[in-house]
Structures are given as structure tokens and as C-alpha cells.
Amino acid sequence: MMVLLVVMSVLLLSRNRDRLTAPPPEPTRPAAADDSDAAPIQVKGQGGEGCEADPATYDVTVTAIGERATADASAQPLYLQDRDSVVRKYFLDLNGVSNAERLRLTSALVIGQRLKVRFVVCSGNGSRYLTFVQPVAAS
């Protein structure tokens with residue numbers, strides 16, 4: 001009798017196992033090109049008179065964010081490291097930048113973040129002002 005009960009239980013359990021459905025597929029994340037966090041940020045009006053645009057796009061990593069010289073200063077100093085491990089000082093002038101763009105820039109400019117950037121170089125003192133910032137997704 002006991003053997004019959006065990007055999008019936010095994011048969012019932014094996015038949016129910018076939019009725020189980022497969023788990024749903026994993027949700028897919030949109031490609032980085034569709035991700036608003038990775039969208040490029042254009043910053044107009046950087047540097048002023050005597051500045052020339054560098055047409056190249058550079059891959060850099062944020063290494064430090066400096067303090068503004070005075071409370072009224074609008075240019076934020078940033079230290080960015082290129083692929084050759086050279087750290088250079090850049091500026092980001094926030095005058096004329098909308099609040100929405102400021103928020104995006106603030107979230108993109110964190111230490112360790114990889115970026116693609118373009119800038120203008122001012123002839124008087126060689127200062128570099130960022131004109132294009134695009135976060136690079138971690139791989």
C-alpha cells in the first residue's frame with residue numbers, strides 16, 4: 001500500500017512539473033543613445049573674445065572639481081585626465097546655462113565619471129572652457 005502511495009505521488013508531481021511555465025524574460029534596458037543621462041550637453045557662450053574652438057572631441061575622466069575663486073565667480077574649475085594620464089584644468093561657465101542643463105551638468109560632473117568633451121582655448125591665458133559634455137556609460 002505504501003509503495004502504491006509513493007508511486008502515485010511521484011506520478012502526480014511529475015505531471016504538474018510539465019505544466020509550469022518558463023520565467024518571464026529579463027527586461028531590457030534601452031541603448032545608451034536613447035538614455036537621457038548620456039545625451040550630450042551643449043554649453044554656449046564659453047570663454048568670450050579671443051577664444052578659439054578646438055574641433056576635436058576628447059575622452060577624459062573627472063579627477064577633481066575645484067572651488068570657484070569667489071562666490072560671484074561663475075566659472076567652475078574642473079580637472080580632467082586624458083587617455084595619456086595628463087590632468088588639465090578646464091573651466092565651465094554657468095552663466096546663461098538653463099536650470100535643466102545645470103542639473104544635468106551637476107549629475108555628469110562627478111569624480112571618476114568618464115566624459116567626451118570639446119572646449120575653446122583662450123589665447124590670453126590658455127584657459128580651456130568646456131562647450132560640449134557627454135557622459136560615457138560604464139562598460
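These numbers come from a predicted model, not from an experiment.

Draft legend 1. Main features of the state of the cysteines. Per the stated rule, a full pass over the model turns up 1 disulfide. The side chain of Cys51 participates in a disulfide bridge whose partner is Cys122; the two sulfur atoms lie 1.9 Å from each other. One quick way to see it: the torsion about the S-S bond of Cys51 and Cys122 is about 90 degrees, and its sign makes the bridge right-handed. Highlighted residues: Cys51 in strand β2 (residues 51-65) and Cys122 in strand β5 (residues 114-122), separated in sequence by 71 residues. We note that Cys51, like Cys122, is buried.

Draft legend 2. Inspection of the environment of Ser98 at higher detail. Within the secondary structure layout, Ser98 lies in the loop between β4 (87-93) and α2 (99-108). Residue classification places Ser98 among the partly exposed residues on the basis of a relative accessible area of 39%. Linking Ser98 and Val43, residues 55 residues apart in sequence, is a C-alpha distance of 9.7 Å.

Draft legend 3. Quick look at unusual backbone geometry. The phi angle at Ser85 is positive, at roughly 65 degrees, despite the residue not being glycine. Mapped onto the fold, Ser85 is located in the loop between β3 (75-81) and β4.

Draft legend 4. Representation of the confidence of the model for the chain within the structure. When pLDDT is averaged across the chain, the result is 78; 74% of the residues are at 70 or more. Mean pLDDT values for the elements of the chain range from 69 in helix α1 (residues 2-17) up to 93 in β5. Below pLDDT 50 for its whole length, residues 27-34 participates in 2 contacts with residues either more than four positions away or in separate chains.

Draft legend 5. Structural context of the side chain of Gln76. Topologically, Gln76 is positioned in strand β3. In this structure the side chain of Gln76 is engaged in a polar contact, spanning 2.4 Å, whose partner is the backbone oxygen of Gly66. Not counting residues within four places of it along the chain, the set of residues in contact with Gln76 comprises Ile65, Gly66, Arg68, Tyr90, Phe91 and Leu92.

Draft legend 6. Geometry of the pattern of salt bridges. Overall, the coordinates contain 4 salt bridges when judged by the stated rule. The salt bridge involving Arg83 is made with Asp59; its shortest N-O contact spans 2.5 Å. With a gap of 24 residues between them, Arg83 in the loop between β3 and β4 and Asp59 in strand β2 connect regions that are remote in the sequence. Arg88 serves as the salt-bridge partner of Asp82, at 3.1 Å between the closest nitrogen and oxygen.

Draft legend 7. Quick peek at the environment of Val62. Along the chain, Val62 turns up in strand β2. Overall, Val62 belongs to the buried group, its relative accessible area being 2%. For the pair Val62 and Ile111, spaced 49 residues apart in the sequence, the C-alpha separation amounts to 4.9 Å. Not counting residues up to four positions away in its chain, the partners in contact with Val62 are Tyr79, Leu80, Leu109, Val110, Ile111, Gly112, Gln113 and Leu115.

What counts, and at which threshold
- Residues numbered from 1 in each chain as written.
- Predicted model: local features only at pLDDT ≥ 70, side-chain atom pairs only at ≥ 80, totals over all residues.
- Heavy atoms only, no water.
- Disulfide = S-S within 2.5 Å.
- Helix = DSSP H or I, 4+ residues; strand = E, 2+ residues; numbered from the N terminus.
- Buried < 20%, exposed > 50% of the residue type's maximum accessible area, 1.4 Å probe, protein only.
- pLDDT = per-residue confidence, 0-100.
- Contact = heavy atoms within 4.5 Å.
- Polar contact = N/O pair within 3.5 Å; in protein donor to acceptor, adjacent residues only side chain to side chain.
- Salt bridge = Lys/Arg side-chain N within 4 Å of Asp/Glu carboxyl O.

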